[in-house]
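Overview (structure and organization)
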Amino acid sequence: MKWPLLCAALTLALPAQATPPVRFGDALHAKFHHDRCLQCHQFNSRAHQGRAFHSHRARYLCDNCHAPRLTGLARGEWMAPADKFDYTGLDARTTCHLIKRNLGSGDTRRLMREHLLDDARIRWSLESGMTPAGRFPTVPGGYEAWARDVKAWIDGGMICD
Ligand code: HEC
Ligand code: HEC
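Residues numbered from 1 in each chain as written. Chains lettered and ligands numbered in written order. Predicted model: local features only at pLDDT ≥ 70, side-chain atom pairs only at ≥ 80, totals over all residues. Heavy atoms only, no water.

A few words now on the coordination of the iron atom of ligand 1. A lone protein donor binds the iron atom of ligand 1: His41 (NE2), at 2.1 Å. Following the sequence through the fold, histidine 41 ends up in helix α3 (residues 35–41). (Donors = N, O, S within 2.8 Å, 3.2 Å for Na, K, Ca; no water. Helix = DSSP H or I, 4+ residues; strand = E, 2+ residues; numbered from the N terminus.)

Here is the structure:
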């Protein structure tokens, strides 16, 4: 009689221990704001002194310097996004809403999943960090931790607030 009672007690206890919803601010926000992501996302921002406005006087033909053999990216993939993709200094909630908005229309969950898990530039931030001036530190945790955090957030409904 002991075991069934114990099992019943455990089952009853479960709902109270249900895991809280995953928010963008839990793990992803800090990673988004790592320098390997930010330096590229703020590249074209004058307000945030992006590299286009100081270290990069040669702003075109990115591949001439960020060559595929260095970055591991296919030709043409090393490029910086437009100013509106810059999230420098934004808090978790605002960053989250901005990236959802910038994703465009369609099946947002699928787009977000494809982008965050398959984009070569994101993989570069997580696993390479190689520039023409040498290797810069990558986002801590690498791809495995990143994929786990991304999936948890997307499957939980991409909660911002
Ligand atoms: C080499 C430059 C580069 C690096 C490094 C980079 N990105 Fe991007 N990112 C881009 C470009 C270019 C786009 C495409 C913008 C467009 O669609 O025009 C983009 C798009 C995105 C988008 C989709 C658009 C949106 O805002 O919803 C997200 C999210 C994103 N990047 C997050 C990241 C994160 C997180 C990292 C680091 C782990 C990162 N990026 C690293 C260049 C970069
Ligand atoms: C003349 C060579 C050259 C060209 C052309 C060039 N870069 Fe760079 N880039 C570098 C060097 C060298 C570094 C590392 C030193 C530094 O911080 O500027 C670098 C660093 C970067 C970084 C910072 C990486 C990080 O994670 O800290 C970004 C982003 C970047 N470049 C984007 C671009 C983009 C986008 C283009 C084309 C529009 C481009 N670069 C064209 C030489 C170049």
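This next bit is on the pattern of salt bridges. Across all of its chains, the model carries eight salt bridges by this definition. Across the pair aspartate 161 and arginine 93 runs a salt bridge, and its minimum N-O distance is 2.4 Å. Of the two residues, aspartate 161 is situated in the segment after α9 (142–155) and arginine 93 in helix α6 (residues 92–102); the sequence distance between them amounts to 68 residues. Where arginine 121 meets aspartate 119, a salt bridge forms, and the shortest distance between an N and an O atom there is 3.0 Å. The exposure class of arginine 121 is partly exposed, given its relative accessible area of 29%. A relative accessible area of 12% places aspartate 119 in the buried class. (Salt bridge = Lys/Arg side-chain N within 4 Å of Asp/Glu carboxyl O. Buried < 20%, exposed > 50% of the residue type's maximum accessible area, 1.4 Å probe, protein only.)

Before going further, it helps to examine the site of ligand 1. Residues in close proximity to ligand 1 total 21 residues, the closest being Cys37, Cys40, His41, Ile99 and His115. In this structure, an oxygen atom belonging to ligand 1 sits 2.5 Å away from a main-chain N or O atom of isoleucine 99. The contact in question runs from a nitrogen atom of ligand 1 to an N or O atom on the side chain of histidine 115, over 3.3 Å. Those elements giving two or more residues to the shell around ligand 1 turn out to be α3, α6, α7 (108–118) and α8 (120–127). For the shell around ligand 1, the per-class residue count stands at 15 nonpolar, four polar and two charged. (Near = heavy atom within 4 Å. Polar contact = N/O pair within 3.5 Å; in protein donor to acceptor, adjacent residues only side chain to side chain. Nonpolar A, V, L, I, M, F, W, Y, C, P; charged D, E, K, R; others polar.)

Further remarks concern the site of ligand 2. As a structural note, the neighbourhood of ligand 2 is formed by 22 residues, with Arg51, His56, Cys62, Cys65 and His66 the closest of them. Between ligand 2 and the protein, one listed contact pairs an oxygen atom with a side-chain N or O atom of arginine 36 at 2.7 Å. Between ligand 2 and the protein, one listed contact pairs an oxygen atom with a side-chain N or O atom of serine 55 at 2.9 Å. For the shell around ligand 2, the secondary-structure elements that each account for two or more residues are α3 and α4 (62–65). Among the elements that make up the shell around ligand 2, the one with the highest residue count is α3 (three residues).

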